[in-house]
Amino acid sequence: MGSIIIALPRQETARKIKEILLRHGFGDTIVVSTAAAALQEIGRLSHGIVISGTKLPDMDYTDLLDCLPRYFDLLLLDTTQNVSHRRQPGLVAVTMPVKAYEFIDTVNMMLQNLDRQVVKRKDNKPKRTEKEENYIRNAKYVLMERNHMTEEEAFRYIQKSSMDTGRNMVETAQMILTLIYNEI
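Residues numbered from 1 in each chain as written. Predicted model: local features only at pLDDT ≥ 70, side-chain atom pairs only at ≥ 80, totals over all residues. Heavy atoms only, no water.

As recorded in an unreviewed UniProt entry, the protein goes by ANTAR domain-containing protein and comes from Drancourtella massiliensis.

Focus on the sheet that holds strand β7 (residues 91-95)
Under the convention used in this document: Paired strands are those between which DSSP finds at least two bridges. The helix and strand labels rest on DSSP assignments: H or I over at least four residues marks a helix, E over at least two residues marks a strand, and numbering proceeds from the N terminus. In this analysis, axes come from line fits to C-alpha atoms, helices being fitted only over the stretch in contact, and the angle between any two N-to-C directions falls in the range 0 to 180 degrees. Only heavy atoms matter for contacts: two residues are in contact if any of them lie within 4.5 Å across the pair.
The sheet built from five strands is open, its strands ordered β2-β1-β3-β6-β7 with parallel pairing. The sheet is open, and its two borders are formed by β2 (29-32) and β7, each paired with just one other strand. Between one strand axis and the next, the sheet turns by 20 degrees as a mean value, whatever way the strands run. Pairing analysis gives five bridges linking strand β3 (residues 48-52) to strand β6 (residues 72-78), with the strands arranged parallel. Across the sheet, the residue bridging to Ile49 is Asp73, located in β6. In the packing of helix α1 (residues 11-23) onto the sheet, the strands contacted are β1 (3-7), β2, β3 and β6, and the crossing angle to β2 comes to about 175 degrees.

Brief notes about the pairing of β6
The criterion, for reference: Burial classes follow relative accessibility: with a 1.4 Å probe on protein chains only, a residue under 20% of its type's maximum area counts as buried, one over 50% as exposed, and anything between as partly exposed.
With respect to burial, β6 is a largely interior element, seven of its seven residues being buried. Burial along β6 is two-sided: Phe72, Leu74, Leu76 and Asp78 facing one way and Asp73, Leu75 and Leu77 facing the other are all buried. Inspection of the sheet shows β6 paired to β7 by five bridges, in the parallel sense. For Asp78, the partnering residue across the bridge sits in β7 and is Thr95.

Observations concerning the pattern of salt bridges
Operational definition: In the sections that follow, a salt bridge refers to a side-chain nitrogen of Lys or Arg positioned within 4 Å of a carboxyl oxygen of Asp or Glu.
Applying the stated criterion across every chain, the model contains nine salt bridges. A salt bridge links Lys55 to Asp60, with the shortest nitrogen-to-oxygen separation between them at 3.3 Å. Each member of the salt-bridge network shares a partner with another, and the members are Glu12, Arg15 and Glu19.

Here it is in structure tokens:
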């Protein structure tokens, strides 16, 4: 299950929300008071939700929403008059005060949706054939021998080069092998 980050400037409110979540079995809950701290925590996590009000000391909720990675959603706590205007992808808005069971149901629904997306992402990853794995392995070996890199450095070099050129890692490994063997 995904993680929950509570980003609220008032620590008393954040503590109460965390207690409610803990009582209902949501153990992976982190409390922070700024958007910067929330983003720092997000960097360590795979997926989850951020619970926030409209304003944090260092950022508005719209800016925070723009900074969230793909597998994080924002649960916005707002007033009744403003909730109907909050329509953006990755954003769910609830009215304050909120009933505990409605809040828990919303959090549960959001986390289950993100869990499904993450599982789908992992299932959609194409598996490499043995031949493709060999290209990558050989390119790593050549980089390690010629450029005195560690295996991890060689892998990251291939990975970064593939991202920079917009090619997959197998094509990049083939290019590296071709370039090196053409020099010989």
